[in-house]
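Fold and geometry: a report
Spelled out from the first residue to the last, the chains are:
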Amino acid sequence: MPWFVYCGMFYFKTTMQKVINIKEIELITNPETLKLYSHDVLPRIEDQRVRRLSLDKASTLGNVSNVIANIVLDTPSGYKRIQAKVKGIDEHNVWLEDRTLIPLKAIYSVDMV
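1. Re the sheet that holds strand 5 (residues 69–75)
Strand order in the open sheet formed by four strands is 4-6-5-10, with mixed pairing between adjacent strands. Each having just a single partner strand, strand 4 (26–27) and strand 10 (107–112) make up the two edges of the open sheet. In terms of strand pairing, strand 5 meets strand 6 (residues 78–84) through seven bridges, oriented antiparallel. Looking at the pairing, Asn70 lines up with Gln83 of strand 6. Of the strands in this sheet, strand 5 and strand 10 are in contact with helix 1 (residues 45–65), which crosses strand 10 at around 40°.

Encoded structure:
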């Protein structure tokens, strides 16, 4: 199960041996132009459950309190970050506020702003 370490102003998320600083990841505005992996970027079932729970929280908070989420995507060109309100989630996709669909299997982590 991933865990978070708070260090000053930054959250570090670790899964297995990877440590990323969410605030330093490149912020993109148009996720539709990204090339994504065809496989799930989180191979462990525990990590996939945490991702699903984080997206459920982001969806609920986005619809009720207008909370914006940081969504980190794992792409062949490295990690990319999106800031958007999550409007919905189903078995395979996440809907963002601007009606953009993001495949669930491409999402590496989710954090609320």
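2. Focus: the pattern of salt bridges
Under the counting rule described, the total for this entry stands at five salt bridges. Of the charged contacts in the structure, one is a salt bridge between Lys85 and Glu97, with a shortest N-O distance of 3.7 Å. Remark: Glu97 occurs in the loop between strand 8 (93–96) and strand 9 (101–103) and Lys85 occurs in the loop between strand 6 and strand 7 (86–89); sequence separation between them is 12 residues. For Glu97, a relative accessible area of 45% puts it in the partly exposed group.

3. A look at the sheet that holds strand 8
Taken in spatial order, the three strands make up an open sheet running 7-8-9, and their pairing is antiparallel. Edge strands, defined here as strands with exactly one partner in the open sheet, are strand 7 and strand 9. For this sheet the average axis-to-axis angle between neighbouring strands, irrespective of direction, equals 25°. As judged from the three bridges shared by strand 8 and strand 9, these two strands associate in the antiparallel manner. Across the sheet, the residue bridging to Trp95 is Leu101, located in strand 9.

4. Here's the deal with the nonpolar core
With 18 residues, the main nonpolar core has Ile71, Leu73, Ile82, Val94, Leu96 and Ile107 as its most contacted residues. Among the secondary structure elements, those contributing two or more residues to this core are helix 1, strand 5, strand 6, strand 7, strand 8 and strand 10. Among the elements that take part in this core, strand 5 stands out by supplying three residues, more than any other. In contact with Ile71, other than residues within four places in its own chain, are Lys80, Arg81, Ile82, Val86, Leu96, Ile107 and Ser109. Core analysis: the second largest hydrophobic core is formed by seven residues, Val41, Leu42, Val72 and Tyr108 among them.

Conventions and cut-offs
- Residue numbers restart at each chain and count upward from 1, following the sequence in its written direction.
- For a predicted model such as this one, the threshold for reporting local features is a pLDDT of at least 70, and the threshold for listing and counting side-chain atom pairs is 80 or more; totals across whole chains, interfaces and linings nevertheless cover every residue.
- Calculation of side-chain values draws on the structure's entire complement of heavy atoms; hydrogens and water are dropped beforehand.
- At least two DSSP bridges between two strands are needed for those strands to be called paired.
- Helical segments are the DSSP runs of H or I of at least four residues, strand segments are the runs of E of at least two, and each set is numbered from the N terminus.
- For this analysis, residues touch if any pair of their heavy atoms sits within 4.5 Å.
- Angles shown run from 0 to 180 degrees and are taken between the N-to-C directions of axes, each axis being a line fitted to C-alpha atoms and, for helices, limited to the stretch in contact.
- Any carboxyl oxygen of Asp or Glu that lies within 4 Å of a side-chain nitrogen of Lys or Arg is treated as forming a salt bridge with it.
- The classification of residues rests on relative accessible area computed with a 1.4 Å probe and restricted to protein chains. Under 20% of the type maximum is buried, over 50% is exposed, and intermediate values are partly exposed.
- In plain words, nonpolar cores are sets of buried Ala, Val, Leu, Ile, Met, Phe, Trp, Tyr and Cys residues tied together by side-chain atoms within 4.5 Å.

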